[in-house]
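What the coordinates show
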Amino acid sequence: MEFNTQGAMTHFAFLYIVPPALALLAMIAAARAEEKEGPEPSMVYNNACRTCHSMKEGDNRQGPSLHGVVGRKAGSLAGFQFSPSMQNSGIVWDEATLDKFIADPDQVVNGNGMKPYGGIDDADQRKEIIAFLKSISGK
Ligand code: HEC
């Protein structure tokens, strides 16, 4: 009887190589799908805000999650330690207050803890960021 090496190899591959490889591919696909969920962040947001802020709900990092920030009372998000200045600012974030805050945080909330952040002078860039913040706030 002839020993069929190729057949044995194929058998081996289907038992031990293909299933884990498929499982891995499925995991990668699932991770990709998760990343793709929700709106694509704008480039300026990525560069200026994303180091400190997540757009995922409940994901507070150095800064609070910005998911749902438009329409939210400043400093009110549970699970994040805001500065007293932010908590007592009385602001409800909308396009106008966000625009001023992104341009110059200290001018809007004196003594805020969003540091180091230099402010964005370019009105178009601020507009782009605010449009993105609205999109992750369901607005
Ligand atoms: C260096 C880190 C850092 C960067 C960069 C940064 N932030 Fe923040 N942000 C914070 C921290 C910390 C707070 C909390 C401040 C406080 O409690 O006074 C905050 C607070 C905020 C708040 C108030 C949120 C709330 O729930 O009241 C908004 C809005 C905000 N940031 C938007 C932005 C945007 C938009 C950008 C980019 C243009 C940005 N931040 C860049 C750290 C950062």
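Residues numbered from 1 in each chain as written. Predicted model: local features only at pLDDT ≥ 70, side-chain atom pairs only at ≥ 80, totals over all residues.

To continue, consider the overall build of the chain. Scanning the chain for helices and strands turns up six helices and zero strands. The dimensions of the chain, computed from C-alpha atoms along their principal axes, are 90 × 30 × 30 Å. Residue burial in the chain is summarised as follows: out of 139 residues, 16% are buried. Across the chain, the fraction of contacts at a sequence separation of at least 24, relative to all contacts at a separation of at least 6, is 44%. (Helix = DSSP H or I, 4+ residues; strand = E, 2+ residues; numbered from the N terminus. Buried ≥ 20, exposed ≤ 12 C-beta atoms within 10 Å, placed from the backbone. Contact = placed C-beta atoms within 7 Å.)

The ligand sits among 29 residues. The nearest are Cys49, Cys52, Gly63, Phe82 and Ser83. The element contributing the most residues to the shell around the ligand is helix α4 (residues 95-103), with three residues. For the shell around the ligand, the class distribution of residues is 19 nonpolar, nine polar and one charged. (Near = placed C-beta within 6 Å. Nonpolar A, V, L, I, M, F, W, Y, C, P; charged D, E, K, R; others polar.)

Further remarks concern the domain arrangement of the chain. Assigned domains within the chain: domain 1 (1-37) and domain 2 (43-135). The straight-line distance from the C-alpha centre of domain 1 to that of domain 2 is 45 Å. (Domains from an automatic or database assignment.)

Looking only at α4, the buried set comprises Leu98, Phe101 and Ile102. Buried residues in α4, looked at end-on, bunch into an arc of 95°, giving them a common side. Contact partners of the buried residues in α4: α5 (105-108) and α6 (123-135). (Arc of directions from axis to C-beta.)

As for its placement among the helices and strands, phenylalanine 101 is situated in helix α4. Once the C-alpha coordinates of phenylalanine 101 and glycine 119 are considered, the two residues, 18 residues apart in sequence, prove to be 8.1 Å apart. Residues within four places of phenylalanine 101 in sequence aside, it is in contact with Val108 and Val109.

Contact geometry for α4 and α6: axes closest at 10 Å, N-to-C directions at 130°. When the axis of α4 is compared with that of α6, the two are oblique. The handedness of the crossing between α4 and α6 comes out as right-handed. The segment α4 lies against α6, with Glu95, Leu98, Asp99, Ile102 and Ala103 engaging Arg126, Ile129, Ile130 and Leu133. When its residues are assigned to classes, the contact of α4 with α6 shows six nonpolar, no polar and three charged. (Axes fitted to C-alpha atoms, helices over the stretch in contact; angles between N-to-C directions. Parallel < 35°, antiparallel > 145°, perpendicular 65-115°, else oblique. Left-handed = near helix turned anticlockwise from the far one by under 90°.)

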